[in-house]
Amino acid sequence: MRAQHSFTTEFLIGLMVLGLGCGGNMTTGTAKKAVNNKPAEDGSCPSGQTLCGVGTFAICADLQSNPSHCGTCDRACSPGIVCQAGVCQQTACTSAEIPLSGQPTTGTSTTGLVPNNMPYTAATQILADVNGDGRLDRIEWLIPFCQDCGTSLSTFRVSLGRPGGTFATPDAYNASAAIGSVFATDANGDGLADLYVVSSTDVDAQNSRYHVELWLGQNDGKLKRSDTGGNSAEASVGQSNTAIGDLSGDGWPDLVMAAPFSDFDSPPKINVYLSDSTGGLHLSQTFIAWSGRTVIADWNGDGSPDLALLGDGMEILYNRGDGTFEQPLDCGVSVGGKPMAERDLVVDDFNRDGWMDIAAEDSRNRVTVMLGLGGCAFSPLSAYDIHGSNVGFLLDADMNGDGILDLVSVSSISDVSGLPNIGVTATTDQLLSVLIGNPDGTFHLQDTVISLGPNWISNVTIGEVTGDQRPDIIVSSSDGKSGQSSTWENVCQ
Amino acid sequence: MKTNICALVLALLMTPSACDSSSLSVPSHADASTKAKDGSSNVDASPISQTPSASGQCPEGYTPCGKGDGPYCYDLTRSQDHCGTCEASCAAGIACQAGNCQQYGCKGALSFKTMVFGSTGTVGALGDFDGDGILDLFGSPEADGSMSVLYGSGDGTFSTRQVVVPSSGLTSPDSNIPVFVGWQALAADLDGDGHLDLTSIQTYESAVTIRLGSGSRQAPFGEPTSYPTSTSPSSVVLADFDADGRLDIVAGVSQALDYWRGRGGGRFEHQALLDSRDVSNEGPGITLATDWNGDGVLDLVYADSGFSGKSASPAIGSGGRLHYRLSNGDGTFGPEVACAMNQGIVGDLDHDNRPDVISASSIMGSTLSLGIKGCGASTVVNISDWTKQGGVALADLNGDGNLDVIVDDNLAIMVHVGDGKGGFPHALTLPAPTAGSWPLGSFFVGDLNRDGKLDVVFARGGGWGVLLNTCQ
């Protein structure tokens, strides 16, 4: 359960970095996308812009100001950090440690929480700038925990970021059904973050209809539901492994999700939906494969985004360059002990060598790092101890401004003795650990351990929200009665 | 202490009848009887191997093989283990003549004659225990877990049985049902006397047990010697890791691998407990000795967890991730290296002198990881019509110089014929000879009937038998 939720967060951070900056100079247009960050036919870019990417995926980016391509192509600043004069304006820490300042939760102990109480109080969130004021805004929705969660789960709330790290009173919006996930990307190319809201309704016992709605960010901070750019698709119940990204290079986000369940003898399948010229989604390909989490990233270095399906192990579907994919290739790798899909993990290029890496909780309460060598190949594994045990969340960001990605984990000190096995962990404290990335691709554990308090953590997100150009950590939690959101400010010097 | 008690119990349980040789009712084949050829190399006047002189010199016609403090002198024209050149061994039962392994190269397609010998049983090792030139079988032909030598008749059947370790006699507390005792046994000449010795591990015993072979059918092994371990080993490997010409022992135990160096005369000296950060409390899964980095020294490759191969041969889909420790060739190993790659069967399928691994795929079929350097394969291929779970062995069954794969697919035994480039363009499907149950399929490959063709002994849940190679 935790894994699903943390995935959503992890994935979104990746998307925000990819999506927002890439579309920075597009103009608005819904019926037909006027993509003006694409190079001219001769491959040239306007003055002051640089060609990033290859083939249909090439874009022109202003390396002076584009936070996804800051200084050089694909050099992304931490979420919410401004790119100026080709330099991420993150405050570099001179101290060895990264202190975080915040208030631990003080609610009642979560011992004996009834899971069915949770959906109404436990939020998950993403951060994205929907009004273009340069500050990250918080988009929250409630976690659909149970089968009969009710209509309130179709609501999502947008709190605009304000100077000083606070958020304005949220505006509530209603999606057409219970929300499963929300993705931020600049779908219409106006430089503001838009939201793809994926919600679902039950079709029968096995299948749900997933509705993909596009909500457009506007300068006044109010979201506007778009008539285009979305669609609905049927898939098996409980599939939260939706992934959204531009797979074909046309600028419109495409969609990957599990195929409908047909019968127990049929192998699991995943569907790839590609966008048309209005952003509407159409089924393109179906593959026999299972994915607990789908990651969109370039695994073979050809410049087109591939699909990594994390199920029992890892399968890669290589993009042929046009949004169609080769048959799944099972890499024959695993993180050990449990299926990859059940691990808290984060996928990113930690050591910035151009190859995607994976960090995952392992069977021994550590974080194991798989440094990619391209394709299915990985370097020897490294494992790092963290504070506490039972990793619940794993995220990455350059927390100290040294240009190297760091890992943030939330784990718990738990005592489940004497409790019936109802899937609830009696928790005495939640701990936040920072594994600081070293230039050689290794990590070291920060000594300072941060107690987040006893409450159940429903979401952890990293982004610069306090205005000091240091990435902060936003934690959503619940004591079973009400949800709380707390900001842990990065106060490194 | 525990070991000694077990040994005592076993000794007490050895009843005269259990130790008697008894005939197994097995079918015989007039067309497969090639016994007349047997033993010719064995009765040769000069020995195949000799200890070197005090000055380390070998007599004329002999070549020192092995390094360090334990080289032996071998007649490379006749030595099965060093045929033509040192370390170039012939497959089990294949003779070495004039420095060439006398394996037959099939002219046509592979074919096998299936013989089923029993509805229960497990197989541990193939070897010529009595020195008559015919491969024998060390195994447990019955469900009671007793370990016996089954003497080969030379036609692919096994006519005579000698019990070595009787059934444990252990029964479950609330019934009289015998407790299944898993074991693994390896046959190799540890003391250089020309007779195969036994190295074994057994469930409930925290030890590696050595029994020195006598070559006699009446009393094939001497008294057991136990090398205690911290926990009951999950796996055991014999290999010359320190490159001194003598076999060493590595046994997988809880969160570690235990290492003894061979000291000659069948004696072993404890060298190190190799701690592992990943190996499970139950010990490692599949554990292998193979030259991982191509430096000519055998390295240690093991899975951190999963099905170990005890009571069976390695299987696809046995679980765990591949780990290795490179041998420094001097009795020490480098640090443990953990790979993201799933553990599987290791061999060089494409002659590039790099290890290749066959492991299970997530959805269906097998994954071939070819050209591995460190933890990374240069090529990964999925073969969707292979099984994702079943016993497997690698061997050049058709004698074309390329490794083939024999794998238990539950409903059938599949032989995938290798092209030497990592491809398997042809497959032979043998209908399942017996009922199957997990663990599916152990395979042991050797020439049982001295026709130069490699035969296969199979043991699967529902019985055991032989696939006699009948290729033309």
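Residues numbered from 1 in each chain as written. Chains lettered and ligands numbered in written order. Predicted model: local features only at pLDDT ≥ 70, side-chain atom pairs only at ≥ 80, totals over all residues.

(A) Region of interest: the overall build of chain A. Scanning chain A for helices and strands turns up one helix and 36 strands. Counting across all 493 residues of chain A, residues that qualify as buried make up 56%. Residue pairs at least 24 apart in sequence account for 52% of intrachain contacts in chain A once pairs closer than 6 positions are excluded. (Helix = DSSP H or I, 4+ residues; strand = E, 2+ residues; numbered from the N terminus. Buried ≥ 20, exposed ≤ 12 C-beta atoms within 10 Å, placed from the backbone. Contact = placed C-beta atoms within 7 Å.)

(B) Seen up close, the overall build of chain B. Along its length, chain B carries two helices and 35 strands. Across the 472 residues of chain B, 55% fall into the buried class. For chain B, restricting intrachain contacts to residue pairs at least 6 apart in sequence, the fraction spanning at least 24 positions comes to 48%.

(C) Geometry of the interface of chain A and chain B. Across the contact, 24 residues belong to chain A and 23 residues belong to chain B. Going through the elements one at a time, strand S22 (329-330) and strand S27 (377-378) of chain A are the ones with two or more residues in the side of chain A that touches chain B. Per-class residue counts for the side of chain A that touches chain B are 15 nonpolar, six polar and three charged. (Nonpolar A, V, L, I, M, F, W, Y, C, P; charged D, E, K, R; others polar.)

(D) Structural detail: unusual backbone geometry. Despite not being glycine, Arg352(A) shows a phi value in the positive range, around 55°. In the Ramachandran plot, Gln255(B) falls in the positive-phi region, its phi being about 55° despite a non-glycine side chain. Inspection of the secondary structure puts Gln255(B) in the loop between strand S17 (248-253) and strand S18 (256-264). Look at Gln255(B) and you get partly exposed, because 19 C-beta atoms sit within 10 Å.

(E) The arrangement of the environment of Glu464(A) in detail. Residue and element names in this part refer to chain A. Positionally, Glu 464 belongs in the loop between strand S34 (456-463) and strand S35 (472-478). Separated by 337 residues in sequence, Glu 464 and Leu 127 place their C-alpha atoms 9.2 Å apart. In this structure, Glu 464 is in contact with Ser 78, Pro 79, Gly 80, Ile 81, Leu 136, Gln 469, Arg 470, Pro 471 and Asp 472, ignoring residues within four places of it in sequence.

(F) Seen up close, the sheet that holds strand S14 (residues 207-211) of chain B. Residue and element names in this part refer to chain B. Pairing is antiparallel across the open sheet formed by four strands, whose spatial order is S12-S13-S14-S15. The sheet terminates laterally at strand S12 (183-188) and strand S15 (225-228), the two strands that pair on one side only. Each strand axis lies, on average, 20° off the axis of its neighbour in the sheet, ignoring direction. Direction of pairing for S12 relative to strand S13 (residues 197-202): antiparallel, over a ladder of six bridges. The residue bridging Ala 187 from the neighbouring strand is Leu 198, located in S13. (Pairing = 2+ DSSP bridges. Axes fitted to C-alpha atoms, helices over the stretch in contact; angles between N-to-C directions.)

(G) A look at the sheet that holds strand S4 (residues 72-74) of chain B. Residues and elements named next belong to chain B. Pairing is antiparallel in the open sheet, where three strands are placed in the order S2-S4-S3. What marks the edges here is a single partner per strand, and that holds for strand S2 (49-50) and strand S3 (63-65). Bridge analysis of S3 against S4 gives three bridges, and the strand direction is antiparallel. Across the sheet, residue Pro 64 finds its bridge partner in S4, namely Cys 73.

(H) Local environment of the nonpolar core. If you look at the biggest cluster of nonpolar residues, it comprises 228 residues, and the most contacted ones within it are Val182(A), Ala359(A) and Ile406(B). Excluding residues that lie within four positions of it along the chain, Ile406(B) makes contacts with Val392(B), Ala393(B), Ala395(B), Leu397(B), Ile413(B), Val415(B), Phe443(B) and Val456(B). Ranked by size, the runner-up nonpolar core spans 11 residues in total, among them Ile48(B), Tyr62(B), Cys73(B) and Cys96(B). (Core = buried A, V, L, I, M, F, W, Y, C linked by C-beta atoms within 7 Å.)

(I) Looking closely at the confidence of the model for chain A. Residue and element names in this part refer to chain A. For chain A, per-residue confidence averages 82 on the pLDDT scale, and 81% of positions sit at 70 or higher. This model gives residues 146-151 a pLDDT under 50, and the stretch forms five contacts once residues within four places in sequence are excluded. Note on residues 418-423: pLDDT is under 50 here. Beyond four places in sequence and across chains, it has two contacts. (pLDDT = per-residue confidence, 0-100.)

(J) Focus on the confidence of the model for chain B. All names here are of chain B. This prediction gives chain B a mean pLDDT of 84; 86% of its residues lie at or above 70. Predicted confidence is poor over residues 1-43, with pLDDT under 50, and the contacts of this stretch with residues over four places away or in other chains come to 71 contacts. Reported confidence for the predicted complex is 0.83 by ipTM and 0.86 by pTM.

(K) View of the pairing of strand S30 (residues 404-408) of chain B. All names here are of chain B. Burial runs high along S30: five of the five residues are buried. In S30, alternate side chains face the same way, and those of Asp 404, Ile 406 and Asp 408 on one face and Val 405 and Val 407 on the other are all buried. In the sheet, strand S29 (residues 390-395) pairs with S30 via four bridges, with the strands oriented antiparallel. Across the sheet, the residue bridging to Leu 394 is Val 405, located in S30. Counted between consecutive antiparallel strands, the loop separating S30 from strand S31 (residues 412-417) contains three residues, among which Asn 410 sits at a positive phi close to 70°.

(L) Highlighting the environment of Gly334(B). Residue and element names in this part refer to chain B. As for its position among the elements, Gly 334 is in the loop between strand S23 (321-325) and strand S24 (337-342). The exposure class of Gly 334 is partly exposed, given the 13 C-beta atoms found within 10 Å. Taking the C-alpha atoms as reference points, Gly 334 and Gly 133, separated by 201 residues in sequence, lie 40 Å from one another. The contact partners of Gly 334, leaving out residues within four places of it in the chain, are Arg 325, Leu 326 and Asn 328.

(M) Looking closely at the environment of Phe378(A). Residues and elements named next belong to chain A. Topologically, Phe 378 is positioned in strand S27. What makes Phe 378 buried here is the crowd of 26 C-beta atoms within 10 Å. For the pair Phe 378 and Met 356, spaced 22 residues apart in the sequence, the C-alpha separation amounts to 9.5 Å.

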